[in-house]
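Geometric and topological summary
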Amino acid sequence: DGETATVTFTFSEEVDGFDASDITATHGTISNLTQDANDPKVWTATFTPEDGYDGGAEVSVADDTYTDTAGNNGTGDSQALDIDTANPTLDITVDD
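First things first, this report covers the structure right here in the doc. Position numbers for residues count from 1 along each chain, tracking the sequence in the order it is written. Residues qualify for local features only when their pLDDT is at least 70, as the model is predicted, and side-chain atom pairs are given and counted only at 80 or more; totals for whole chains, interfaces and linings, by contrast, use all residues. Heavy atoms throughout the structure, all of them, feed into the side-chain values; hydrogens and water do not.

**Description of a negative patch on the surface**
Judged by side-chain charge, Glu-3, Asp-54, Asp-82 and Asp-84 come together as a negatively charged surface patch. Each helix corresponds to a stretch of at least 4 residues labelled H or I by DSSP, and each strand to a stretch of at least 2 residues labelled E; elements are numbered beginning at the N terminus. Position of Asp-84 among the secondary structure elements: in strand S8 (residues 77-84). By relative accessible area, which is 48% here, Asp-84 ends up partly exposed. Within this analysis, patches are made of residues with over 30% relative accessible area and no salt bridge. Like charges are joined at 9 Å or less; nonpolar side chains (Val, Leu, Ile, Met, Phe, Trp, Tyr) at 5 Å or less. Only the protein chains shown count as cover for residues, with accessible areas throughout obtained via the Shrake-Rupley method and a probe of 1.4 Å. A side-chain nitrogen of Lys or Arg and a carboxyl oxygen of Asp or Glu constitute a salt bridge if their distance falls within 4 Å. Lys and Arg are tallied as positive, Asp and Glu as negative. Neither His nor the chain termini are counted. Here the site of a charge means NZ on Lys, CZ on Arg, CG on Asp, or CD on Glu. With a 1.4 Å probe rolled over the protein chains alone, any residue whose accessible area is under 20% of its type maximum counts as buried; one over 50% counts as exposed, and the rest are partly exposed.

**Comments concerning the sheet that holds strand S3 (residues 23-26)**
Strand order in the open sheet made by the 3 strands is S3-S6-S8, with antiparallel pairing throughout. Since the sheet does not close on itself, it has two edges, and those belong to S3 and S8, each with one partner. In this sheet, neighbouring strand axes are inclined to one another by 15° on average, regardless of whether the strands run parallel or antiparallel. Strand pairing is assigned whenever DSSP identifies at least 2 bridges connecting the two strands. Pairing analysis gives 4 bridges linking S3 to strand S6 (residues 54-61), with the strands arranged antiparallel. Pairing of Ala-25 across the sheet is with Val-59, part of S6. Lines are fitted to the C-alpha atoms to define the axes, a helix being fitted only along its stretch in contact, and any angle between axes, read from their N-to-C directions, falls within 0 to 180 degrees.

This is the structure:
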């Protein structure tokens, strides 16, 4: 519970029109998308996993959701990750 991960998006050149709505996250949410002040090709965001889930998740950006500064459509990418926010369980037995 309460774990987060930093997701880094590194473009081959500066882009226009990239924002949080371009990012899809399964079994979690994306927040705090920011562009690196020292390298405008690099963006970071926070991935917060779904509470009570144990399994695979994915963060992705689809093709054509942003452009370079010349107006050329960008290509997407995706990254799979494993998350485990499932609460532990307990079994109690009593022998007579």
